[in-house]
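Chains, contacts and geometry: an overview
Take a look at the letters that make up each chain.
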Amino acid sequence: MSTHAVSYDDLMAFAMGELSGRPATEIATHIAGCAGCAATVRRATLVQATVRADALFSPSPAALAKVNALISGRKPAAVPQDSMLRRMVAALSFDSRNQAALAGLRGGSDAFTLAYEIDDTVIDMHFEPDASGANAPWQLTGQIDDPSSSGSTVTAIAGDGAVRQSAGTDEHGVFLLTLATGDYTIEVETADGLVVLQDIRIP
Amino acid sequence: MRGRAGNDPTQLDDAALVSLCIGGDQVAWETLVARYQRLVYSVALRCGLQDDDADDVFQIVFTTLFRRLEGLRDQQRLASWLITTTSREAWRVARSRRTGGELEEDVLDTSAPPPEMAENADRDQRVRDALAKLDDKCRALLTELFLESEAPNYSAIAGKLGMAVGSIGPTRARCFKKLESFLIDAGLS
């Protein structure tokens, strides 16, 4: 812009009506032949009109206060099965049993780890069989790697839709569940909605 | 998971704010209301309502928005829904004032906003959105200068904002250039 006849500051002063007489005339003449500068003046005039109108018109403080208070009637959702909250299905990104199979190791009822991802958050779950016997429940230790996830509710739902167990996450996003053999969906409540981890099988 | 409204909520888009509001986030809701309060109120006025009726429409529209948050969570920008909804409610109130009572249920909905009014309202909202993207100092300076009439009191403005008088011109130019880039991005030619 150094070879441009009119400085940006001049355009601003002109657009805001600060100039008069010859300086104003010179800039008006320039604008008539310069589309770029004309556009800048047009935008400045538009912004000025909006700012001035907004200064004059606004809802009453009482109406604004009532509208702002609407949110206090809404509690963070405890989620029933038919909730209208947004459901986000997380993707399975890691299964330690696949790694074992790839390495040629025999699978079995040994401990295994799953990882699910949603947006840029990872949910790790480690499944440990009970040492006492084949039919004893497994211990599931999970962690959500999102600092805002403490105090979330994690719910394990059996294949028939029944809730088997719920637990809260601690300050590290860690949760503990004890689950019998079967197929489960695990749901994690968050501020954004419900994160759903599907097709979890405990052998 | 997207950040909560503790990170500057004014920089979150509508879809993110709606998502937070569904979770009961008060700051997110107040941010959404602040973002669109003048759009809704000005459309009500443009529909010919007086202040009291415009206030009523303002409350009705935001109550409707609040009740329909789940259904609106995928909207990137709520402006056009708000313009349409406000226009419809303003029309309903204006009609009931003229007929002296509530409308019959089967009255045809002729309350689609006139295209020019909707365009102007939308354009003004894009200006507000662009101003909201500026840093606080730029927004404060430009607002002070734009509100002044032909002979702005630079000394008073400089004092109010803690700036040197001589820096007002260059700062104004720098700030408006930034604002202009936001306006161009928003499609304002």
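Refer to the structure printed above.
Residues numbered from 1 in each chain as written. Chains lettered and ligands numbered in written order. Predicted model: local features only at pLDDT ≥ 70, side-chain atom pairs only at ≥ 80, totals over all residues. Heavy atoms only, no water.

**Thoughts on the interface of chain B and chain A**
- Each partner contributes residues to the interface: chain B has 52 residues there, and chain A has 46 residues.
- Of the roughly 4900 Å² buried where chain B meets chain A, counting both sides, 60% is carbon and sulfur surface.
- Of the charged contacts, one joins R43(A) and E180(B) as a salt bridge, the two residues approaching to 2.5 Å between their closest N and O atoms.
- Taken together, the connections running from chain B to chain A amount to 14 residue pairs in polar contact (both at pLDDT 80 or more).
- Elements with a contribution of two residues or more to the side of chain B that touches chain A: α1 (14-22), α2 (26-46), α3 (51-67), α4 (69-72), α6 (115-133), α7 (136-147) and α9 (168-185) of chain B.
- The leading source of residues in the side of chain B that touches chain A is α9(B), at ten residues.
- Split into classes, the residues belonging to the side of chain B that touches chain A amount to 25 nonpolar, eleven polar and 16 charged. (Contact = heavy atoms within 4.5 Å. Buried area = accessible area lost by both parts, 1.4 Å probe. Salt bridge = Lys/Arg side-chain N within 4 Å of Asp/Glu carboxyl O. Polar contact = N/O pair within 3.5 Å; in protein donor to acceptor, adjacent residues only side chain to side chain. Helix = DSSP H or I, 4+ residues; strand = E, 2+ residues; numbered from the N terminus. Nonpolar A, V, L, I, M, F, W, Y, C, P; charged D, E, K, R; others polar.)

**Re the environment of D25(B)**
Residues and elements named next belong to chain B.
- Mapped onto the elements, D25 comes out in the loop between α1 and α2.
- Classification of D25 as buried rests on a relative accessible area of 18%.
- A polar atom in the side chain of D25 sits 3.1 Å from the backbone nitrogen of V27.
- Polar contacts involving the side chain of D25 include one to the main-chain amide nitrogen of A28, which spans 3.1 Å. (Buried < 20%, exposed > 50% of the residue type's maximum accessible area, 1.4 Å probe, protein only.)

**Looking at the sheet that holds strand β10 (residues 193-202) of chain A**
Residues and elements named next belong to chain A.
- In space, the five strands of this open sheet follow the order β1-β10-β9-β6-β7, with mixed pairing throughout. Here the strands that pair on one side only, and so sit at the sheet edges, are β1 (87-89) and β7 (163-168). Taken over all neighbouring pairs, the strand axes of this sheet differ in orientation by 25 degrees on average, direction set aside.
- With eight bridges connecting them, strand β9 (residues 182-190) and β10 associate as antiparallel partners. Bridge assignment links Y184 to a residue of β10, and that residue is I200. (Pairing = 2+ DSSP bridges. Axes fitted to C-alpha atoms, helices over the stretch in contact; angles between N-to-C directions.)

**Observations regarding the sheet that holds strand β5 (residues 138-144) of chain A**
Residue and element names in this part refer to chain A.
- Taken together, the five strands give an open sheet; going across it, the order is β2-β3-β4-β5-β8, and neighbouring strands pair in antiparallel fashion. Of all the strands in the sheet, just β2 (91-95) and β8 (174-179) have a single pairing partner and so form its edges. Taking each pair of neighbouring strands and ignoring which way they run, the sheet shows an average axis angle of 20 degrees.
- Where β2 meets strand β3 (residues 112-118), four bridges bridge the pair, whose relative direction is antiparallel. Counterpart to L92 in the pairing with β3 is Y116.

**Side note on the state of the cysteines**
- Scanning all chains against the criterion turns up one disulfide over all chains.
- Note on cysteine connectivity: C138(B) is disulfide-linked to C175(B), with sulfurs 2.0 Å apart. Disulfide C138(B)-C175(B): torsion about the S-S bond near -75 degrees, hence left-handed. Of this pair, C138(B) sits in helix α7 while C175(B) sits in helix α9; the two residues are 37 residues apart in sequence, bridging distant segments of the chain. Grouping residues by exposure puts C138(B) and C175(B) together as buried.
- Its sulfur unpaired, C37(A) is 3.5 Å from the next cysteine sulfur, which belongs to C34(A). (Disulfide = S-S within 2.5 Å.)

Just geometry here; none of it tells us what the structure is for.
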